[in-house]
Amino acid sequence: MKIPYSPPDYFFVDELLSDEHKIIRSAIRDWVDRRVMPIIDDAAQEAKFPMHLIREMGELGVFGPFIPVEYGGAGLDQIAYGVIMTELERGDSGIRSCASVQTSLVMYPIYAFGSEEQRKKYLPKLAAGEMVGCFGLTEPDHGSDPGSMETRFSDGGDHLILNGAKMWITNSPIADIAVVWAKDEKGKIRGLIVEKGMEGFTAPETHKKWSLRASVTGELVFDNVKVPKENLLPHISGLKGPLKCLNSARYGIAWGAIGAAMDCYDTALRYALERKQFGNPIASFQLQQKKLAEIVTEITKAQLLAWRLGKLRSEDRATAAQISMAKRNNVEMALNVARESRQILGAMGITGDFPIMRHMMNLESVITYEGTHDIHLLITGNDITGIDAFH
Ligand SMILES: Cc1cc2nc3c(=O)[nH]c(=O)nc-3n(C[C@H](O)[C@H](O)[C@H](O)COP(=O)(O)OP(=O)(O)OC[C@H]3O[C@@H](n4cnc5c(N)ncnc54)[C@H](O)[C@@H]3O)c2cc1C
C-alpha cells in the first residue's frame, strides 16, 4: 500500500492556518496526488507541458485566488495564495509557475492597473483557465536590468505600433494574451495587452531546457504589431508596474519552494527508513540523520518566514526587500534540500522513479527567475545600507 504524502510540520505551523486554509490545502493536495503525480515525470522526461491540466486548474481555483469574486477570482487572502503555491510546487515547479504567471503576472496587473473593460474582458476567462496569459519583461539583452529594455511602441493614429522582442517567457507559445512591458515615445515603461493572432506577433518556443521541462517557455517577437489603444493598461507607468507584479509572484515562490522541499524530504525520509546497508536502515546512521535533521530545520525556518511574510502582506505592510529575502532564502533552502535528499537516495536519486532530481533541476530556474539569487541579495544589501551596489 502506498503511504500518503506526509509533509513535516515540526513547529505546528498548521495551527497558524485557518480552517479555510486547511480545506483549500487539502483540496489542492488531493488534486496534485490524483492529477499531477501520475503524469508529471513523463511530462518532464518528454519536455511536454500537460495542457489538459489548465482547465482543471481553473476549476480548482488556483488562477487568481486573491482576485475578487466579481472578476472570477476567489477573493481569498494572501496566506491562502501561499498555501496553494506550496501544494502546487510539491507536484512540480512548472505547474506552480503556470499558476504564478497567470495569477501574479497576468491577472494581477490587469486587475490592479487595468480599465474596468479590460478587467471584465479578460479576468473571468483567465480565472477559469479558458484563456492563458504570459508576462513579457525580460529581453535578450536585458534580464536583471529590465529598466534598459528596448521594446518600444509609438502612436500610429488609432492604434499603437509595437516593436521589439522578449525572451524566456513562461507560457508564451500557448498564451492567448501577453502582458508586455514596453517604452513609449518618451521612454516611459507602460503595460500593453497583446493578443495572439495580432499581425506581426509571434511566440516561438525555447527548446533544450534541462530545467522546468514540464513548463513551456518561449519568446515574444513584435514586428510592427498594431495594438489597439484600449489595450494599454491605463493606471500605471514606470518600472514600478512590472516590479509590483514581481513582488506578488516572488511572494508566491517563497511559499511554493517549500512544497518542493517538503516533497524531497518526505521522499528521503521514507527511503532512509526502508533502505538497508550494513544490516541496518540508512536512517540509523548519524550522517544520514544529520542530513534529515538539518533539512527539517531549514524547512521549518522557511515555513515561519513565509507565514510571517503572508501576515505582513495581508496587512499591506510587506516591503519589496522582505519579499526578496524570503524568495531568496526559501528557494536556496529548497535547492539545498533537493541536493541533500538526492544523496540520501544514492543512485536511485537520479532516476525518475523519485521526484527529487526533477525538483532539483526545476529549482535551478526558480533560483534565477523573478530576480536572480544575487539580485535579491543586492536588494537586501541596498535596504540595510542605503547604498545601491547594482551599478
Ligand atoms: C524557465 C524560465 C522562465 C522564465 N519566465 C519568465 C517570464 O515569464 N517572464 C519574464 O519576463 N522573464 C522570465 N524569465 C527570465 C528571468 O526573469 C531572467 O532570466 C532573470 O531575470 C535573469 O536575467 P538573465 O537570465 O538575463 O541574467 P543576467 O541579468 O544576464 O544575469 C547573469 C548573471 O549576472 C548576475 N548579475 C546581473 N546583474 C548583476 C549585478 N548588478 N551585480 C551582481 N551580479 C549581477 C546575475 O545574478 C546572474 O548570475 C524566465 C527565466 C527562466 C529560466
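Okay, so let's go over this structure. Positions within a chain are numbered from 1, following the residues in the order the chain's sequence is written. Local features in this predicted model are restricted to residues of pLDDT 70 or higher, and side-chain atom pairs are both shown and tallied only at a pLDDT of 80 or more, whereas totals for entire chains, interfaces and linings draw on every residue. Where side-chain values are given, they derive from all heavy atoms of the structure, hydrogens and water being excluded.

## Thoughts on the side chain of Arg96
Then step 1. Here a helix means four or more residues in a row that DSSP labels H or I, a strand means two or more in a row labelled E, and each is numbered from the N terminus. Looking at the secondary structure, you find Arg96 in helix H4 (residues 93–113).
Then step 2. In terms of polar contacts, Arg96 uses its side chain to reach the side chain of Glu89, at 2.4 Å.
Then step 3. A contact between two residues is defined here by any heavy atoms of the two lying within 4.5 Å. Discounting chain neighbours no more than four positions away, the residues touching Arg96 are Met85, Leu88, Glu89, Ile253, Gly256, Val366 and Tyr369. For this analysis, a polar contact is any N or O atom pair within 3.5 Å, provided that within protein one partner can donate a hydrogen and the other can accept it, and provided that sequence-adjacent residues contribute only side-chain to side-chain pairs.

## Quick notes on the environment of Met57
Then step 1. Here Met57 is to be found in helix H2 (residues 53–60).
Then step 2. Note: C-alpha distance between Met57 and Cys98 (41 residues apart in sequence) is 9.6 Å.
Then step 3. The residues contacting Met57, other than those within four sequence positions of it, are Trp31, Val62, Phe63, Ile95, Cys98 and Ala99.

## A few points about the side chain of Gln303
Then step 1. Turning to its location among the elements, Gln303 is positioned in helix H7 (residues 286–314).
Then step 2. Sequence-distant contacts of Gln303, defined by excluding residues within four places in its chain, comprise Pro8, Asp9, Val13, Ile258 and Met262.

## Some thoughts on the packing of aromatic side chains
Then step 1. Working definition: a ring pair exists when centres of Phe, Tyr or Trp rings (six-membered ring for Trp) sit within 6.5 Å. Plane angles under 30 degrees give stacked, over 60 give edge-to-face, the rest tilted. In this structure the tally under the stated criterion is nine aromatic pairs.
Then step 2. When the centroid spacing of 6.3 Å and the interplanar angle of 35 degrees are considered together, the rings of Tyr81 and Tyr251 count as tilted. Within this pair, whereas Tyr81 is found in helix H3 (residues 78–91), its partner Tyr251 is found in helix H6 (residues 240–274), the two being separated by 170 residues in sequence. Assigned by exposure class, Tyr81 and Tyr251 land together as buried.
Then step 3. Among the aromatic residues, those joined into a ring-pair cluster are Phe66, Tyr81 and Tyr251.
Then step 4. Only Lys NZ and Arg CZ are tested; either one counts as a charge over a ring when it is within 6 Å of the ring centre and within 35 degrees of the ring normal. In this structure, Arg90 packs its charged tip against the face of Tyr5, placed 3.9 Å from the ring centre.
Then step 5. Residue placement shows Arg313 over the ring face of Tyr251; its charged tip is 5.3 Å from the ring centre. Three exposure classes are used, based on accessible area relative to the maximum for each residue type with a 1.4 Å probe and protein chains only: buried under 20%, partly exposed in between, and exposed over 50%.

## Topic: the packing of H4 against helix H9 (residues 356–366)
Then step 1. Lines fitted to the C-alpha atoms define the axes, with helices restricted to the stretch that makes contact. Angles between their N-to-C directions range from 0 to 180 degrees. Running from N to C, H4 and H9 point in directions that differ by 35 degrees, and their axes come no closer than 9 Å. Of the residues in H9, those in contact with Ser93, Gly94 and Arg96 of H4 are Asn362, Leu363 and Val366.

## Focus: the site of the ligand
Then step 1. Near the ligand, the surroundings consist of 18 residues, among which Thr138, Ser144, Trp168, Thr372 and Asp374 are the closest.
Then step 2. Take Leu137: an N or O atom from its main chain is 3.0 Å from an oxygen atom of the ligand.
Then step 3. In the model, a nitrogen atom of the ligand is placed 2.8 Å from a nitrogen or oxygen of the Thr170 side chain.
Then step 4. Calculation on the ligand without its partners gives an accessible area of 980 Å², and the protein chains cover 68% of this total.
Then step 5. When contributions to the shell around the ligand are tallied by element, the ones reaching two or more residues are strand E3 (159–170) and helix H10 (373–385).
Then step 6. Note on residue categories: nonpolar means Ala, Val, Leu, Ile, Met, Phe, Trp, Tyr, Cys or Pro, charged means Asp, Glu, Lys or Arg, and polar means any other residue, Gly included. Grouping the constituent residues of the shell around the ligand by class yields nine nonpolar, seven polar and two charged. What makes a residue near a molecule or strand is one non-hydrogen atom of that residue sitting within 4 Å of it. Computed with the Shrake-Rupley method and a 1.4 Å probe, the accessible areas treat only the protein chains shown as cover for residues.

## Some words on the nonpolar core
Then step 1. Take the buried residues of types Ala, Val, Leu, Ile, Met, Phe, Trp, Tyr and Cys, join any two whose side-chain atoms come within 4.5 Å, and each joined set is a nonpolar core. Formed by 120 residues in total, the largest nonpolar core has its most connected members in Leu88 and Trp181.
Then step 2. Sorting elements by how many residues they give to this core places H6 first, with 17 residues.

## Side note on H7
Then step 1. What a helix is expected to span follows from its residue count: subtract one and scale by 1.5 Å. Look at H7: 42 Å from first C-alpha to last across 29 residues, which is about the 42 Å you get at 1.5 Å a residue.
Then step 2. In the segment just after H7, Asp316 is the residue with positive phi, at about 60 degrees.

## Quick look at unusual backbone geometry
Then step 1. Unusually for a residue other than glycine, Asn171 sits at a positive phi of about 70 degrees.
Then step 2. Looking at where Asn171 falls in the secondary structure, it is placed in the loop between E3 and strand E4 (177–183).
Then step 3. Phi is positive for Lys208, close to 65 degrees, though the residue is something other than glycine.

## Quick notes on the environment of Gly371
Then step 1. Tracing the backbone through its elements, the reader meets Gly371 in the loop between H9 and H10.
Then step 2. For Gly371, a relative accessible area of 18% gives the class buried.
Then step 3. Placed 228 residues apart in sequence, Gly371 and Gly143 show a C-alpha to C-alpha distance of 8.6 Å.
Then step 4. Among residues more than four places away in sequence, those in contact with Gly371 are Arg250, Lys327 and His376.

## What about the pairing of E3?
Then step 1. Bridge count between strand E2 (residues 152–155) and E3: four bridges; the pairing is antiparallel. For Ser154, the partnering residue across the bridge sits in E3 and is Ile161.
Then step 2. At least two DSSP bridges between two strands are required for those strands to pair. Counting the residues that bridge the hairpin from E2 to E3 gives three residues, and of these Gly157 lies at a positive phi of roughly 95 degrees.
Then step 3. In this sheet, strand E7 (residues 217–228) lies alongside E3 in antiparallel orientation, the contact comprising nine bridges. Its bridge partner lying in E7, His159 is registered against Pro228.

## A word on the pattern of salt bridges
Then step 1. When a carboxyl oxygen of Asp or Glu is within 4 Å of a side-chain nitrogen of Lys or Arg, the pair counts as a salt bridge. Going through the model one piece at a time under the given rule, you end up with 18 salt bridges.
Then step 2. A salt bridge links Arg29 to Glu87, with the shortest nitrogen-to-oxygen separation between them at 2.9 Å. One end of the pair, Arg29, is in helix H1 (residues 19–45); the other, Glu87, is in helix H3, with 58 residues separating them in the sequence.
Then step 3. According to the relative accessible area criterion, Arg29 is buried, its value standing at 18%.

## Points about a nonpolar patch on the surface
Then step 1. Like charges are joined within 9 Å and nonpolar side chains (Val, Leu, Ile, Met, Phe, Trp, Tyr) within 5 Å, but only among residues with over 30% relative accessible area and no salt bridge; these make up the patches. A contiguous nonpolar patch, built from Tyr10, Phe11, Leu16 and Leu304 and spanning about 420 Å² of accessible area, is present on the exposed surface.
Then step 2. Along the chain, Tyr10 turns up in the segment before H1.

## A word on the packing of H3 against H4
Helix packing for two helices is described by the angle between their axes and how far apart those axes are.
Then step 1. At a minimum axis distance of 7 Å, the contact between H3 and H4 shows a crossing angle of 150 degrees. It follows from the interaxial angle that H3 and H4 lie roughly antiparallel. Residues Tyr81, Met85, Leu88 and Glu89 of H3 lie in contact with H4, whose contacting residues are Ser93, Ile95, Arg96, Ala99, Ser100, Thr103 and Ser104. Here roughly perpendicular refers to angles of 65 to 115 degrees, roughly parallel to angles under 35, roughly antiparallel to angles over 145, and oblique to all remaining angles.

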